[in-house]
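# Geometric and topological summary
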Amino acid sequence: MEENFVKRYDALVIDSVNFAYRTFKIEGETPVRISKKTVYKDSICNFIDSVEDLKNKYLKSDGQVYLLFDNYFSRADLRSMYMFVNRKELNESYKANRKKESKEFYNSLNFLRYFYLIGPEQYHTIKIDNLEADDLVKPLFETIKVIGGNTSALMVTNDLDWTRYLSDSVDWLPRLNETPEDV
């Protein structure tokens, strides 16, 4: 009898906006009002359920979940403050290829961020103005001793920028329905 071995990690590091793109099913979903904002309730629930599935499948019992959030501004925006270029031109050309989402999409992300902020201690949210989620990976890995220690991590994203952090202690999950990939 063949036994399926599933590697367990000390940390799950989730690219939250990327994860939302993959777990939200907003086509045909009617937003609902929560307080003064409208959100995609079913997509929020799907995101939370998907995080729980990953946690149950890949996280050690004493592991931690880190949800990294983009600021919806980029490093290019920050860099442009220090360059002698027309910032408007830079922003327009950089953002021209970005998919524009509805306010309900971003309200849903903000709801999720708040949900995990006030949730159990096992969950951590990280968002820094003017930085994208992949800019937060290295400082996080240094802080939780993935770099320079013996902590293992699974990065949940299909953003190729994150692959620079693959190592013997860091794997990634680019496709949610497949097994993690290692270095």
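Rules behind the numbers
Residues numbered from 1 in each chain as written. Predicted model: local features only at pLDDT ≥ 70, side-chain atom pairs only at ≥ 80, totals over all residues. Heavy atoms only, no water. Axes fitted to C-alpha atoms, helices over the stretch in contact; angles between N-to-C directions. Helix = DSSP H or I, 4+ residues; strand = E, 2+ residues; numbered from the N terminus. Parallel < 35°, antiparallel > 145°, perpendicular 65-115°, else oblique. Left-handed = near helix turned anticlockwise from the far one by under 90°. Contact = heavy atoms within 4.5 Å. Nonpolar A, V, L, I, M, F, W, Y, C, P; charged D, E, K, R; others polar. Core = buried A, V, L, I, M, F, W, Y, C linked by side-chain atoms within 4.5 Å. Buried < 20%, exposed > 50% of the residue type's maximum accessible area, 1.4 Å probe, protein only. Pairing = 2+ DSSP bridges. Phe/Tyr/Trp six-rings, centres within 6.5 Å; stacked < 30°, edge-to-face > 60°.

## Focus: the packing of helix H2 (residues 41–58) against helix H5 (residues 103–117)
How two helices pack is summed up by the angle between their axes together with the distance between the axes. Two elements in contact, H2 and H5, have axes whose closest approach is 10 Å; the angle formed by their N-to-C orientations is 45°. Compared by their axis directions, H2 and H5 come out oblique. Of the two elements, H2 crosses H5, and the hand of that crossing is right-handed. Between H2 and H5, the contacting residues are Ile44, Phe47, Ile48 and Val51 on the first element and Ser108, Phe111, Leu112, Phe115 and Tyr116 on the second.

## Observations regarding the packing of helix H1 (residues 16–23) against H2
In contact at an axis separation of 10 Å, H1 and H2 are set at 110° when each is read in the N-to-C sense. The angle between H1 and H2 places the two elements in the roughly perpendicular class. Contacts between H1 and H2 involve Ser16, Phe19, Ala20 and Thr23 from the former and Asn46, Phe47, Ser50, Val51 and Leu54 from the latter. Partitioning the contact of H1 with H2 into residue classes produces five nonpolar, four polar and no charged.

## Re the nonpolar core
By size, the foremost hydrophobic cluster in this structure holds 27 residues, and its most contacted members are Phe47, Val51, Val65, Leu67 and Tyr116. Looking at this core, the elements with two or more residues in it are strand S1 (9–15), H1, H2, strand S4 (59–68), H5 and strand S6 (153–156). Considering every element that reaches this core, the biggest residue donor is H2, with six residues. Aside from chain neighbours lying at most four places away, what touches Phe47 is Ser16, Phe19, Ala20, Thr23, Phe24, Leu67, Leu112 and Tyr116.

## Focus: the pairing of strand S7 (residues 170–173)
Side chains Val170 and Trp172 project from S7 onto one buried face, and the interleaved Asp171 and Leu173 project onto a second face that is buried too. As defined by bridge partners, S6 adjoins S7 across four bridges and the pair is classed as parallel. When the sheet's bridge partners are listed, Val156 is paired in S7 with Leu173.

## What about the sheet that holds S6?
In spatial order, the strands read S5-S4-S1-S6-S7; together these five strands make up an open sheet with parallel pairing. Each edge of the open sheet carries a strand with a single partner, namely strand S5 (123–126) and S7. Neighbour to neighbour, the strand axes of the sheet diverge by 20° on average, direction disregarded. Relative to S5, S4 is paired through four bridges, and the arrangement is parallel. Counterpart to Tyr66 in the pairing with S5 is His124.

## Points about the packing of aromatic side chains
By convention here, two paired aromatic rings are described through the distance between centres and the angle between planes. Scanning all chains against the criterion turns up nine aromatic pairs. Seen from their ring centres, Phe47 and Tyr116 are 6.4 Å apart, and the 55° between their planes marks the pair as tilted. Taken together, the positions of Phe47 in helix H2 and Tyr116 in helix H5 put the pair 69 residues apart, joining distant regions of the chain. Tyr116 sits in the buried class, given a relative accessible area of 2%. For the ring pair Phe141 and Tyr165, a centre distance of 6.2 Å and an interplane angle of 85° mean the geometry is edge-to-face. Of the two residues, Phe141 is situated in helix H6 (residues 133–143) and Tyr165 in the loop between S6 and S7; the sequence distance between them amounts to 24 residues. Just as Phe141 is buried, Tyr165 falls in that class too. One aromatic cluster in this structure is built from Phe19, Tyr21, Phe24, Phe47, Phe105, Tyr106, Phe115, Tyr116 and Tyr123.

The values are spatial; any link to function lies outside them.
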